[in-house]
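Working through the structure, step by step
Residue strings, one per chain:
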Protein chains: 10
Amino acid sequence: MLFQVTMDVRIPLDADPATIERLKASEKQRCADLMAAGTWRHIWRVAGRYRNVSIFDVADNGELHDILMGLPLFPYMAIEVTPLCRHPSSIRPDDR
Amino acid sequence: MLFQVTMDVRIPLDADPATIERLKASEKQRCADLMAAGTWRHIWRVAGRYRNVSIFDVADNGELHDILMGLPLFPYMAIEVTPLCRHPSSIRPDDR
Amino acid sequence: MLFQVTMDVRIPLDADPATIERLKASEKQRCADLMAAGTWRHIWRVAGRYRNVSIFDVADNGELHDILMGLPLFPYMAIEVTPLCRHPSSIRPDDR
Amino acid sequence: MLFQVTMDVRIPLDADPATIERLKASEKQRCADLMAAGTWRHIWRVAGRYRNVSIFDVADNGELHDILMGLPLFPYMAIEVTPLCRHPSSIRPDDR
Amino acid sequence: MLFQVTMDVRIPLDADPATIERLKASEKQRCADLMAAGTWRHIWRVAGRYRNVSIFDVADNGELHDILMGLPLFPYMAIEVTPLCRHPSSIRPDDR
Amino acid sequence: MLFQVTMDVRIPLDADPATIERLKASEKQRCADLMAAGTWRHIWRVAGRYRNVSIFDVADNGELHDILMGLPLFPYMAIEVTPLCRHPSSIRPDDR
Amino acid sequence: MLFQVTMDVRIPLDADPATIERLKASEKQRCADLMAAGTWRHIWRVAGRYRNVSIFDVADNGELHDILMGLPLFPYMAIEVTPLCRHPSSIRPDDR
Amino acid sequence: MLFQVTMDVRIPLDADPATIERLKASEKQRCADLMAAGTWRHIWRVAGRYRNVSIFDVADNGELHDILMGLPLFPYMAIEVTPLCRHPSSIRPDDR
Amino acid sequence: MLFQVTMDVRIPLDADPATIERLKASEKQRCADLMAAGTWRHIWRVAGRYRNVSIFDVADNGELHDILMGLPLFPYMAIEVTPLCRHPSSIRPDDR
Amino acid sequence: MLFQVTMDVRIPLDADPATIERLKASEKQRCADLMAAGTWRHIWRVAGRYRNVSIFDVADNGELHDILMGLPLFPYMAIEVTPLCRHPSSIRPDDR
């Protein structure tokens, strides 16, 4: 089941750089694992913003919630979730 | 070059049903052609809304503009465009 | 899987009363059927507004979309969808 | 009498973790007590957000106010209250 | 139990003047009856707007809903409802 | 001359409790004095919010400004002012 | 007593030109009379908009309400009212 | 050439009182100088807010920018600028 | 003196096509004349919208107002005006 | 390919002045280099705001993203990006 998720990352100006770097590295690894598993289906950067647009493929709302709450950068993110479903015009088998 | 485009379709309550059906069929065909060409990369429905989220792959802003303005349902749509770029965390070769 | 759905009904002032009454009766029957099936789990009126707050229990986003698009009053509604999941503090077995 | 209440929890990044954990435990206990009493009728998590949607059953506006102001996490919450009433389409006896 | 209700009246420019005058007279009578009964506790005009701010004293949310939905001008109003409760600083016995 | 005033009180999480308690006591006394004088005509709490809805009866805009700016909790308040006038439907002599 | 009033004029595209011209002439005359009387103190156009910013000097909220509701173009206006008072920095005697 | 400027002053709760008092005195002097020069044409307080509405008469956009950026309280202000022009209904020679 | 002007064109679905085509041709000619005169300095389309972003170079606010109000498509436009001034970082002589 | 970019600069009141001055100087140099290269096509100040309106000419979304994220003042900016394309009414060869 697909969801569009936008993540707006807001690092406070006085955050400790070492902490942030560590969280970013951890976030990157978590993202890579979820992409390899097919759960984090797509991720794109929004040009000029510290923001991404992603597509998740999960079993249900609960799995999506657990994944997002567990992201290393979650406390620094403003997240918006949009439930998606297959469009009859799509010709791509994985746009379900 | 990728863009996220959301299209909110607003058919007036007093629109002529035959005209709308004809425009919808034409829109569906246009979408199929652009998907086959790889230009309209993805399309998903937003659950519970007459709205889609799409990803376009175009040469430049001008090509995107011409495509959107030429959609049969364009006069009935509220459109939002977001320029995207490749995210370093993506492992999918076509998320560029 | 649960979703909160708010439906804001907007009947144009010049709508044909007989048509609206027929649609309302049809909507009421559809709601009753879905409540009996356990799909439309809860419905409450918002005091002072022609608006309801509902909880749906569906298999996935696609089922929710088909149900909402098929409501007799759908063309007159502004709908908002919020994906929900079980809260660990809930003691009610059906708040999943 | 029923009210929908949404609670958006905003823990500052520099909050003392021990204090927050204590408040969360206290909040959880308070919620359990009110659920057992039938006052806090329902609670669901909003997927991907530190936010819940709840239904309260109280004697009047004053009781609702006292309960919400007394929640351990109240100083960290943005709260929205919507007065509800029974919908004639509901078939559930407790959706009053 | 008290509620603040704001009513924004929006008469379409092409409305039939005789119909509107009849509805206004009916609304005025209904307001007078509810004021005499103590239910419509206060009403003030907002300067420069076709809008009023009112205080209602009702038994519960349901009574408020039935009263507002039954107002002759309801189809022409945008209504906002705010549940109130007694403020400990009030010295007026009827500000409950 | 009447004005509706809404006051949203926002105490920072790190405010000194003793200072806030002193300001609240002072605010309560000031409110009592103005209510006794008939200037602060009504005050109600908004259910579930640290917010009140008040009605002031003042000689002019200037008097209202001086009163509001002089409130002990003013630096912690977001204030909205709405000029009111007598509604012809009111039957209460003091709703002027 | 001074108020800032902004008036946004919205003439429907299908309005009868003769009617609108008559109302505009009438509005212009009413404005001239109120300016001569010192009540409509200032009026400026907002560049690029069919909108004005005005300053009114009235006895009280009620007089302002009656004037604005009585403007010939009132049914076509969206109006915002802001109560003003003398600023201690002003050196102009009539900025009271 | 005239501009409406609104200035919303937001002094942080933890600002140093002596610094703020010094800046306010400096601001007041700057305002007096610009009023005497005819540049800061009008200033009014918005009732109940730490906000003013002003009219400036400047040679061009650049002069307005330099004046506003140079105000002692500029770092504490949220400013909105609206370009104005003479209204044909004005009878005051200085409303140009 | 420079202004940024955004024009959002909203042609009603039931507008007469011949009238609109005539107005568009007239608008195009007016734009060409103003560009040749150096007054309408720049114009760009916003990708995917019937909207343009323009830069005007005018003597004062009044000239800008007269030009915009006189555009053939003005009744169909929502216009936003932003006064600009030269940026010290610009190296282009005509960005004044 | 052209983009309109607006940059709203928000320097915290407690920022270290020396750091900010260094960043501003660095930003100014970066802007000069990009203007000389023809990438940062235009820049104007918004009158009365610490904000600029700019036009960028880049190869694609990715180049725009890298440039904006690399600006010395980026952490202090709120940025909005609008993709533009050539308007058929433009007579300037470089408005492409």
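These numbers come from a predicted model, not from an experiment.

Cut-offs applied
Residues numbered from 1 in each chain as written. Chains lettered and ligands numbered in written order. Predicted model: local features only at pLDDT ≥ 70, side-chain atom pairs only at ≥ 80, totals over all residues. Heavy atoms only, no water. Helix = DSSP H or I, 4+ residues; strand = E, 2+ residues; numbered from the N terminus. Buried < 20%, exposed > 50% of the residue type's maximum accessible area, 1.4 Å probe, protein only. Contact = heavy atoms within 4.5 Å. Areas by Shrake-Rupley, 256 points an atom, 1.4 Å probe, with all protein chains shown as cover. Lys, Arg positive; Asp, Glu negative; His and termini not counted. Charge placed at Lys NZ, Arg CZ, Asp CG, Glu CD. Least-squares fit on C-alpha atoms with pLDDT ≥ 70 in both. Buried area = accessible area lost by both parts, 1.4 Å probe. Salt bridge = Lys/Arg side-chain N within 4 Å of Asp/Glu carboxyl O. Polar contact = N/O pair within 3.5 Å; in protein donor to acceptor, adjacent residues only side chain to side chain. Nonpolar A, V, L, I, M, F, W, Y, C, P; charged D, E, K, R; others polar. Pairing = 2+ DSSP bridges. Axes fitted to C-alpha atoms, helices over the stretch in contact; angles between N-to-C directions. Phe/Tyr/Trp six-rings, centres within 6.5 Å; stacked < 30°, edge-to-face > 60°. Patch = residues over 30% accessible without salt bridge, like charges linked within 9 Å, V, L, I, M, F, W, Y side chains within 5 Å.

Further remarks concern the overall build of chain A. From N to C terminus, chain A includes two helices and four strands. The order of helices and strands in chain A, counted from the N terminus, is β-α-β-β-α-β. Considered along the principal axes of its C-alpha atoms, chain A spans approximately 50 × 25 × 20 Å. For chain A, buried positions account for 54% of its 96 residues. Intrachain contacts of chain A at a sequence separation of at least 6 include 66% that bridge at least 24 residues. As displayed, chain A has an accessible area near 4000 Å², and 51% of this comes from carbon and sulfur atoms. Put simply, chain A has 12 plus and 13 minus side-chain charges, and the middle of one group is 6 Å from the middle of the other.

A separate point is the relation of the copies chain I and chain B. The transform that puts chain I on chain B rotates by 72 degrees and translates by 0.0 Å along the axis, for an RMSD of 0.0 Å. The transformation just described matches what one would write down for a five-fold rotation axis.

So, on to the interface of chain I and chain B. Every contact between the two is made by six residues of chain I and, on the other side, 10 residues of chain B. Considering only the surface of chain I that becomes buried against chain B, Leu13, Ala47 and Gly48 of chain I emerge as the three largest contributors, covering 65% of it. The interface formed by chain I and chain B contains zero salt bridges. At the junction of chain I with chain B, the criterion picks out two residue pairs in polar contact (both at pLDDT 80 or more). Split by residue class, the side of chain I that touches chain B holds three nonpolar, one polar and two charged.

The next subject is the sheet that holds strand 2 (residues 40-46) of chain D. Sheet architecture is closed into a barrel: eight strands sit in the order 1(C)-3(C)-2(C)-4(D)-1(D)-3(D)-2(D)-4(C), paired in antiparallel fashion. Taken pair by pair, the neighbouring strands of this sheet meet at an average axis angle of 35 degrees, ignoring direction. With five bridges joining them, strand 2 (residues 40-46) of chain C and strand 3 (residues 51-57) of chain C adopt antiparallel strand pairing. From the neighbouring strand, Arg45 of chain C faces strand 3 of chain C, where its bridge partner is Asn52 of chain C. Sheet strands in contact with helix 1 (residues 17-36) of chain D are strand 2 and strand 4 (77-86) of chain D, and its direction is about 135 degrees off that of strand 2 of chain D.

Residues and elements named next belong to chain D. This model, assessed by the stated rule, comprises 10 aromatic pairs over all chains. Taking 4.7 Å as the distance between ring centres and 35 degrees as the angle between the ring planes, the aromatic pair formed by Trp40 and Phe56 counts as tilted. You can see Trp40 sitting in strand 2 and its partner Phe56 sitting in strand 3 (residues 51-57), a full 16 residues away along the chain. The class for Trp40 is buried, based on a relative accessible area of 2%.

With that out of the way, let us pick up a negative patch on the surface. Judged by side-chain charge, Asp14 of chain A, Asp14 of chain D, Asp14 of chain F, Asp14 of chain H together with Asp14 of chain J come together as a negatively charged surface patch. Among the structural elements, Asp14 of chain F can be located in the loop between strand 1 (2-9) and helix 1 (17-36).

Moving on, we come to the interface of chain C and chain D. Across the contact, 29 residues belong to chain C and 29 residues belong to chain D. When the two sides are added together, the surface that chain C and chain D hide from each other amounts to roughly 2700 Å², 64% of it contributed by carbon and sulfur. Taken together, the connections running from chain C to chain D amount to zero salt bridges. For the interface between chain C and chain D, the tally reads seven residue pairs in polar contact (both at pLDDT 80 or more). Listed by contribution, the elements that provide at least two residues to the side of chain C that touches chain D are strand 1 (2-9), helix 1 (17-36), strand 2, strand 3 and strand 4 (77-86) of chain C. Ranked by residue count, the leading element in the side of chain C that touches chain D is strand 2 of chain C, at six residues. When strand 2 of chain C meets strand 4 of chain D, the two strands line up antiparallel, connected through three bridges. Across the sheet, the residue bridging to Arg45 of chain C is Cys85 of chain D, located in strand 4 of chain D.

On the basis of which strands lie adjacent, the closed barrel formed by eight strands has the order 1(A)-3(A)-2(A)-4(B)-1(B)-3(B)-2(B)-4(A) and antiparallel pairing. Across the sheet, the mean angle from the axis of one strand to that of its neighbour is 35 degrees, orientation sign disregarded. As paired elements, strand 1 (residues 2-9) of chain B and strand 4 (residues 77-86) of chain B share seven bridges and run antiparallel to each other. Looking across to strand 4 of chain B, one finds that Val5 of chain B is bridged to Val81 of chain B. Across the sheet, helix 2 (residues 61-69) of chain C touches strand 1 (2-9) and strand 4 (77-86) of chain A together with strand 2 (40-46) of chain B, and the angle it forms with strand 4 of chain A is around 70 degrees.

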